[in-house]
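# A closer look at the structure
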Protein chains: 2
Amino acid sequence: MFAKTFLFVALISTISANAQTTQQRVRQYRQAQETTLMDEYREFLSIPNVSADSVNIRKNAAFILQMMRKRGISGMLLDGPTPGTTPAVFGEVRVPGATKTIVFYAHYDGQPVNPKQWAEGLQPFVPVFITAPVEQGGKLITTYKSGDPIDPTWRLAGRGSADDKAGVMTILNAYDALVKSKIPLTANLKFFFEGEEEIGSTHLGEIFDKHRDKLASDLWIIADGPRHVSGKPVVQFGVRGDVNMHLTVYGPKRPLHSGNYGNWAPNPAMRMVKLLASMKDDNDQVMIKGFYEDVVPLTASERKAMASVPNMEAALKKELGIAQPDGNGTSFVELLMRPTLNINGLQSANVGAMAGNIIPTKAEAVLDLRLVRGNEVVRQVGRVIDHIRAQGYQVLDHEPTDAERQQYPKLIKVTQGTGYNAQRTPMDLPIAQEVINAVQTTSSEPIVLSPSSGGSLPLYLFEKVLKANVVSVPVVNYDNNQHAENENVKVQYLWDGIEIMAAVMLIK
Amino acid sequence: MFAKTFLFVALISTISANAQTTQQRVRQYRQAQETTLMDEYREFLSIPNVSADSVNIRKNAAFILQMMRKRGISGMLLDGPTPGTTPAVFGEVRVPGATKTIVFYAHYDGQPVNPKQWAEGLQPFVPVFITAPVEQGGKLITTYKSGDPIDPTWRLAGRGSADDKAGVMTILNAYDALVKSKIPLTANLKFFFEGEEEIGSTHLGEIFDKHRDKLASDLWIIADGPRHVSGKPVVQFGVRGDVNMHLTVYGPKRPLHSGNYGNWAPNPAMRMVKLLASMKDDNDQVMIKGFYEDVVPLTASERKAMASVPNMEAALKKELGIAQPDGNGTSFVELLMRPTLNINGLQSANVGAMAGNIIPTKAEAVLDLRLVRGNEVVRQVGRVIDHIRAQGYQVLDHEPTDAERQQYPKLIKVTQGTGYNAQRTPMDLPIAQEVINAVQTTSSEPIVLSPSSGGSLPLYLFEKVLKANVVSVPVVNYDNNQHAENENVKVQYLWDGIEIMAAVMLIK
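Quick notes on the rules
Residues numbered from 1 in each chain as written. Chains lettered and ligands numbered in written order. Predicted model: local features only at pLDDT ≥ 70, side-chain atom pairs only at ≥ 80, totals over all residues. Heavy atoms only, no water. Helix = DSSP H or I, 4+ residues; strand = E, 2+ residues; numbered from the N terminus. Rg over C-alpha atoms; globule rule 2.2 N^0.38 Å. Buried < 20%, exposed > 50% of the residue type's maximum accessible area, 1.4 Å probe, protein only. Contact = heavy atoms within 4.5 Å. Areas by Shrake-Rupley, 256 points an atom, 1.4 Å probe, with all protein chains shown as cover. Lys, Arg positive; Asp, Glu negative; His and termini not counted. Charge placed at Lys NZ, Arg CZ, Asp CG, Glu CD. Buried area = accessible area lost by both parts, 1.4 Å probe. Salt bridge = Lys/Arg side-chain N within 4 Å of Asp/Glu carboxyl O. Least-squares fit on C-alpha atoms with pLDDT ≥ 70 in both. Axes fitted to C-alpha atoms, helices over the stretch in contact; angles between N-to-C directions. Parallel < 35°, antiparallel > 145°, perpendicular 65-115°, else oblique. Left-handed = near helix turned anticlockwise from the far one by under 90°. Nonpolar A, V, L, I, M, F, W, Y, C, P; charged D, E, K, R; others polar. Polar contact = N/O pair within 3.5 Å; in protein donor to acceptor, adjacent residues only side chain to side chain. Phe/Tyr/Trp six-rings, centres within 6.5 Å; stacked < 30°, edge-to-face > 60°. Lys NZ or Arg CZ within 6 Å of the ring centre and 35° of its normal. Core = buried A, V, L, I, M, F, W, Y, C linked by side-chain atoms within 4.5 Å. Expected span 1.5 Å × (residues − 1). UniProt positions renumbered as here; feature names shortened; annotations may be inferred. Domains from an automatic or database assignment. Pairing = 2+ DSSP bridges.

Here the focus is the overall build of chain A. Secondary structure assignment for chain A yields 13 helices and 20 strands. Scaling as 2.2 N^0.38, a compact globule of 508 residues should have a C-alpha radius of gyration of about 23 Å, and chain A matches this with 24 Å. Summarising its shape, the C-alpha atoms of chain A cover approximately 80 × 50 × 50 Å along the three principal directions. Within chain A, the fraction of its 508 residues that count as buried is 63%. Across chain A, contacts joining residues at least 24 apart in sequence account for 79% of those joining residues at least 6 apart. Carbon and sulfur atoms form 52% of the exposed surface of chain A, whose accessible area is close to 18600 Å². Charged side chains in chain A number 52 positive and 52 negative. The centres of these two groups are separated by 1 Å.

The structure is reproduced here in structure tokens:
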């Protein structure tokens, strides 16, 4: 512990003279440009970016190309060999004499939206300022107009505001701030903005493969995910893998009156709850055979980093209204290093005012499996399917035919999304240490080092296809409602993010 | 069996001369009026009738008053003492010399609708003809216009077409047919059309109490629910009771990224499935303590009637696509005589294209408890709540406060709808036998006698408040999707219904 603390102090003092200047100059540039930067960002957020919305997704790509052009970066679209692939937006800046090449990654697509679930006055693609998260009583700022001063404690609400257009925004503005402030670049810089991340980076491997030479680098910096819950900057050395499964359990072919058929017609909602309930025990352990079997134990340095991550559980419990977390006493950071089985969504017929007294025709559930090092997508999904079969289900990949309905008492359709495995970069690689040092220059307190994010990105592809070193440097606030309604980014985190990205760009 | 068959043969032969004539004359009247009757019915179905939609509900009441006026019945609205009560529509016809008074009941309100769930071309309140149920490949008849011949195998689709505006339609047209065909009435007739049935007949007891004298009678005939699955007319002597429960299990206050919090933040969907799964065992028996305790055994004549109900299970399994029904081998009719616990609807966050990788904030379920004789609403609901508590939940009747969230690991909100108990009329009452005889005159085959419908109506109120005899004479097809999307009534069943109601009106 002492050695660690000493190391941080040493870092701060040895590089502060130069770094402070850089950080201050970047900050001054940003302060002078706030209206311009925010107007552009609000325009960017106004373009719907749900991954499946191919028309609007391409408008986002075009907008990013224009952002690059404005900053003097020659950009281009990198498509994959599969027709209809959403292109990545690529840009490159060569620096004479540079010995290293760094690629900055973010993704410009967003998760699906259900506008009805957003708070009053908030719409996914009409970015507005709010005083705080709506769940904490935040109010809409109705009077703001371009040019007004922007309170850095405000949040900008809209799909993609945090996940992950904030990555695009901070990266391109960091570059601009360095150039406009006449701070000499020291490394070749590349920019890679993906458009299919939220649907599992379906064609990312293909794009990498096709454009392998263009994407050669010493390091990828991933600007995605949130900073630490404490508000401190974080450098992450890995991600969990992820795969979605969609389950549909079938009942009668038409909805039945629950009185006239109740007790006789099988209820698919009851079957679904019994199936899902069979997957976890009362201590929140997954009961699917072999679910934890492949997990590779953490290394000593990973364990050490984990131990020094600030414990925020008390604050989180209070903020989130949770009296007792899952995990039977295991720490938050340790739980994020384990595979998960999460129910993302569940639906059968209707609840609330639209509920009828019926036996529904089907029940649907979406599962999210997070994978850790050692897990493998096909094997983990296979275990879930084996478990479903063991509960007596005939597993289909299509809507049941009449013949199948007559033959099998319990029918389920199981489909899966494109998934990917976990990835981890060794924390003690020299270039990993340089990233730590660079991010540390932007903070007066020790930053947080995390062996792996709980979240997921297809970083294993970077390793597998490009043989790349990958380190994540998140920029947004943790309480950003990413993937959900009322997504938002805190303005100060955007400003900080520009400084953090600028610092990383100056790695030599 | 022999005795029974003999009885039916005897009935058919002794009354056939007169009854055939009546039935034929009613039929001739209807055949001459088909366009007029159907135009009026389609107009009736065009008025939205969701119980909670008080503005439109009153338009329905006004429309029924107008239908009565056209037929020479002086109608009026019967309101309850509670302000805002949806009025019942009442009408009366006194017949000189009549010794009996029969009240005909139907309800004009309908279950909630989710237009998105209706098939293409079908809308809840735009009645259209279809060739068959859409689930069986039925097609929209786009060419029909008023005055065209109406194929009696067609179905008219729309909310309320079967449940239960068909009751209002057949009753008032049966009366009209008798009068216009100059068939002498033999009993005093009253008409009572309720507007709050689908929300649990919230104020029916009050209305009965306030208008007790007006509603005095020897018999109530309830035109609601479907004829037997075999297509045969049915006379029913009871109904199950019913009560809804709404459950909401709470997770984190805001939706969380399933990666950044997965394994730590409790997932309310997982909690809900474990809770609901704990309510039934693998043999479909409810495991809630005392759930079956109060059930009053069936009488000998009820058992006998049940035994002679045609067994339609094979046909139903085929039609509904069910390989194996619930109930572990117990017969369909017997299962309908037991209490139920049904999941009407289930929701947590989103499934399908709108699903996100999140830990939802809440999970909701709507339960439907059917009650049989001996069950009591408060007691049965209390047992479910006790069971929920036994699973470790703090049961609330409101959204949890921050203090409650900090105090209790497992929080659930439980609310209930207005419920009512089951009712049964002894099958061997003389007046019950007269109803059987009257309905039998309309059918060349033995009709079906059922001790109780699986469905529910607040008939216990008729017994308790009005001391009335109540017998149900359903008119619509069983495969009508009542309470659900694509509700429909088969045209022939409307025509038959007019003949059946006319026969019952002639009880002396």
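Each partner contributes residues to the interface: chain A has 100 residues there, and chain B has 100 residues. In this assembly, chain A packs against chain B so that about 8600 Å² is buried in total across both faces, 55% of it on carbon and sulfur atoms. Together, A:Arg254, A:Asn263 and A:Trp264 form the three largest contributors to the area buried by chain A at its contact with chain B, with a combined 11%. Our enumeration of links across chain A and chain B arrives at six salt bridges.

The two chain copies are related to each other by a rotation about an axis together with a translation along it. It takes a turn of 180 degrees to lay chain A on chain B, together with a shift of 0.1 Å along the axis; the resulting RMSD is 0.1 Å. What the superposition gives is, in effect, a two-fold axis relating one chain to the other.

Moving on to the packing of helix α3 (residues 165–180) of chain B against helix α13 (residues 491–505) of chain B. Residue and element names in this part refer to chain B. Relative orientation of the contacting elements α3 and α13 amounts to 60 degrees, with a least axis distance of 8 Å. On the basis of their axis angle, the class for α3 and α13 is oblique. For the pair α3 and α13, the crossing hand works out as right-handed. In this structure, α3 contributes Ala-166, Met-169, Thr-170, Ile-171, Asn-173, Ala-174, Tyr-175 and Leu-178 to the contact, and α13 contributes Leu-494, Trp-495, Gly-497, Ile-498, Met-501, Ala-502 and Met-505. Of the residues assigned to the contact of α3 with α13, the class counts are twelve nonpolar, three polar and no charged.

This part covers the environment of A:Asp479. One can find A:Asp479 in the loop between β19 (470–472) and β20 (488–490). On a C-alpha basis, the gap between A:Asp479 and A:Pro226 in space is 8.2 Å, while along the polypeptide they are 253 residues apart. Excluding residues within four positions of it along the chain, A:Asp479 makes contact with A:Pro133, A:Gln136, A:Arg155, A:Glu319, A:Asn488 and B:Arg254. One polar contact links A:Asp479 to A:Arg155, side chain to side chain, over a distance of 2.9 Å. Polar side-chain contacts of A:Asp479 include one of 3.1 Å to the side chain of A:Asn477.

In total, this model carries 35 aromatic pairs over all chains according to the counting rule given. When the centroid spacing of 4.8 Å and the interplanar angle of 75 degrees are considered together, the rings of B:Phe208 and B:Phe462 count as edge-to-face. A residue pair is termed long-range when its members are at least 10 positions apart, and B:Phe208 in helix α4 (residues 204–210) and B:Phe462 in helix α12 (residues 459–466) qualify at 254 residues. B:Phe462 shares its class with B:Phe208; the two are buried. One aromatic cluster in this structure is built from A:Tyr105, A:Phe192, A:Phe208, A:Trp220 and A:Phe462. Its guanidinium or amino end placed over the ring of A:Phe44, A:Lys165 lies 4.5 Å from that ring's centre, counting from NZ or CZ.

Let's shift gears to the nonpolar core. Core analysis: the biggest nonpolar cluster contains 77 residues, and A:Phe191 and A:Phe193 have the highest contact counts within it. Listed in part, the 76 residues of the second largest apolar core include B:Phe44, B:Ala61, B:Ile64 and B:Ile221.

The next thing to look at is α3(B). Residue and element names in this part refer to chain B. Spanning 16 residues, α3 covers 22 Å between terminal C-alpha atoms, matching the ideal 22 Å at 1.5 Å per step. Among the 16 residues of α3, 14 are classified as buried, and the element is accordingly described as predominantly covered. Lys-182 sits one or two residues past α3 and shows a positive phi near 55 degrees.

What UniProt calls "domain: Peptidase M20 dimerisation" (unreviewed entry) maps, in this numbering, to residues 238–392 of chain A. Annotated as 28% helix and 23% strand, the span residues 238–392 of chain A places its first and last C-alpha atoms 38 Å apart.

Moving on: helix α2 (residues 54–70) of chain B. Helical periodicity: at 3.6 residues per turn, an α-helix aligns residues three or four positions apart in one direction. Residue and element names in this part refer to chain B. With 17 residues, α2 should reach 24 Å at 1.5 Å per residue; the first-to-last C-alpha distance of 25 Å fits that figure. Here α2 has its buried residues at Asn-56, Ile-57, Asn-60, Ala-61, Phe-63, Ile-64, Leu-65, Met-67 and Met-68. Looking one or two residues beyond α2, the residue adopting positive phi is Gly-72, at roughly 75 degrees.

What follows is about the domain arrangement of chain A. All names here are of chain A. Partitioning chain A into structural domains gives domain 1 (2–240 + 422–505) and domain 2 (242–294 + 336–416). Each of domain 1 and domain 2 has a C-alpha centre, and the two are 36 Å apart. Contact between domain 1 and domain 2 buries roughly 870 Å² in total, counting both sides, with carbon and sulfur atoms accounting for 53%. For domain 1, the biggest contributors to the area lost against domain 2 are Arg-240, Ala-422 and Arg-424; these three give 68% of the whole. Along the contact surface separating domain 1 from domain 2 lie zero salt bridges. At the boundary of domain 1 with domain 2, the tally comes to three residue pairs in polar contact (both at pLDDT 80 or more).

Looking now at the environment of B:Val286. Residues and elements named next belong to chain B. Residue position: Val-286 is located in the loop between α5 (268–277) and α6 (300–308). Placed 104 residues apart in sequence, Val-286 and Lys-182 show a C-alpha to C-alpha distance of 55 Å. Apart from the residues within four sequence positions on either side, Val-286 is in contact with Met-279, Lys-280, Phe-291, Tyr-292 and Leu-341.

Residue and element names in this part refer to chain B. The strand order β4-β5-β20 describes an open sheet built from three strands, whose pairing is antiparallel. The open sheet has two edge strands, β4 (128–130) and β20 (488–490), and neither has a second partner. Neighbouring strand axes in the sheet, compared pairwise and without regard to direction, differ in orientation by 30 degrees on average. Pairing analysis gives three bridges linking strand β5 (residues 155–157) to β20, with the strands arranged antiparallel.

So, about the pattern of salt bridges. Scanning the entire structure with this criterion turns up 60 salt bridges over all chains. Residue A:Asp39 pairs with A:Arg42 through a salt bridge whose shortest N-O separation is 3.0 Å. Of this pair, A:Asp39 and A:Arg42 both sit in helix α1 (residues 2–45), separated by three residues, roughly a single helical turn. A salt bridge links B:Asp242 to B:Arg370; the shortest N-O distance between them is 3.6 Å. Taken as a pair, B:Asp242 in strand β10 (residues 241–250) and B:Arg370 in strand β14 (residues 362–371) lie far apart in primary sequence, 128 residues in all. When its relative accessible area of 2% is taken as the criterion, B:Arg370 is described as buried.

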